[in-house]
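# Coordinate analysis (summary)
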Amino acid sequence: MHENDLLLVTDMQRVYLKGEKWECLDTEGAAENIKKLIPVMHDHVIFTEFRASSHPSGTWVKYNEKYRDVNESEELNRIIPSLEEESHHYPLYTKSTYSSMHIPEVKQAALKADNVVVTGVIAECCVLFTVFDLIDLGCHVIYVTDAVSGLTEEKEKAAVQTLVGLSPLHVSLMTTKQYLHQ
């Protein structure tokens, strides 16, 4: 079942860990579930990382100014320790937009996949933008609820609730266990 699925690991960077500026609800828990998914993906795994554009335009200029401390920190922008080793074995693409679909290689891989299994952070931002772009491309998305983390429980639930209306035609919502045992 998983042979031609693509696992997309979105922006699992250190700035989203507990105690950091953009702390998410359960980044480490999401990472543990991502680690369970990687072995069944037949090397169809892609990691992304968000890095601020060096030539921003529009509101991205204000974004870069407001978050300069995060944007300029190599440490905060590295992949989290629990996934760092895995990220060295698969492609890691950098983006300067919320959606991962602005990366040509990610878009091409998604279009070839039967399903795009979406994981990572932030549920209500980069992950949600990516899901919407995948849907617009005609891709079927599997949103792994326990392998995605949001800034708060309310925001995380709101992101999932937004996707409920698109299920099951465009999006399948499932846990790691459900995906692994389908």
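This text goes with the structure placed above it.
### Remarks on the packing of helix H7 (residues 123–137) against helix H8 (residues 153–164)
Put simply, H7 and H8 touch, their axes get as near as 10 Å, and they point 15° apart. Our classification of the angle between H7 and H8 gives roughly parallel. As H7 packs across H8, the resulting crossing turns out to be right-handed. On H8, the residues that touch Ala 123, Glu 124, Leu 128, Val 131 and Phe 132 of H7 are Lys 155, Glu 156, Ala 159, Thr 162 and Leu 163. By residue class, the composition of the contact of H7 with H8 is 6 nonpolar, 1 polar and 3 charged.

### Overview of the packing of aromatic side chains
Enumeration over the complete set of coordinates arrives at 10 aromatic pairs. Measuring from ring centre to ring centre gives 6.0 Å for Tyr 16 and Trp 22, while their planes differ by 35°; the resulting arrangement is tilted. Taking the centre distance of 6.5 Å and the plane angle of 50° together, the rings of Trp 22 and Tyr 63 count as tilted. Of this pair, Trp 22 sits in the loop between strand S1 (6–10) and helix H1 (27–37) while Tyr 63 sits in helix H2 (residues 59–66); the two residues are 41 residues apart in sequence, bridging distant segments of the chain. Across this residue pair, the class does not change: Trp 22 and Tyr 63 are buried. Here the aromatic cluster, defined as three or more aromatic residues joined through ring pairs, consists of Tyr 16, Trp 22, Phe 50, Trp 60, Tyr 63, Tyr 67, Tyr 98 and Phe 129.

### Topic: the side chain of Thr 48
By the secondary structure assignment, Thr 48 is in strand S2 (residues 45–50). Judged by relative accessible area, Thr 48 falls into the buried class, the value being 0%. Separated by 2.9 Å, the side chains of Thr 48 and Asp 11 make a polar contact. Aside from chain neighbours lying at most four places away, what touches Thr 48 is Leu 8, Val 9, Thr 10, Asp 11, Met 12, Ile 79, Leu 92, Tyr 93, Lys 95, Ser 100, Ile 103 and Val 106.

### Comments concerning H8
The terminal C-alpha atoms of H8 lie 16 Å apart, and with 12 residues this matches the ideal 16 Å at 1.5 Å per residue to within 8%. Every buried residue of H8 is listed here: Glu 156, Ala 159 and Leu 163. On an axial view of H8, the arc spanned by its buried residues comes to 60°, and they lie on one face. Seen from the open side of H8, the exposed residues pointing more than 90 degrees away from its buried face are Glu 154, Lys 157 and Gln 161. Looking at the packing, one finds that the buried side of H8 touches H7, strand S5 (141–149) and strand S6 (171–174).

Conventions we followed
- Residues numbered from 1 in each chain as written.
- Predicted model: local features only at pLDDT ≥ 70, side-chain atom pairs only at ≥ 80, totals over all residues.
- Heavy atoms only, no water.
- Axes fitted to C-alpha atoms, helices over the stretch in contact; angles between N-to-C directions.
- Helix = DSSP H or I, 4+ residues; strand = E, 2+ residues; numbered from the N terminus.
- Parallel < 35°, antiparallel > 145°, perpendicular 65-115°, else oblique.
- Left-handed = near helix turned anticlockwise from the far one by under 90°.
- Contact = heavy atoms within 4.5 Å.
- Nonpolar A, V, L, I, M, F, W, Y, C, P; charged D, E, K, R; others polar.
- Phe/Tyr/Trp six-rings, centres within 6.5 Å; stacked < 30°, edge-to-face > 60°.
- Buried < 20%, exposed > 50% of the residue type's maximum accessible area, 1.4 Å probe, protein only.
- Polar contact = N/O pair within 3.5 Å; in protein donor to acceptor, adjacent residues only side chain to side chain.
- Expected span 1.5 Å × (residues − 1).
- Arc of directions from axis to C-beta.

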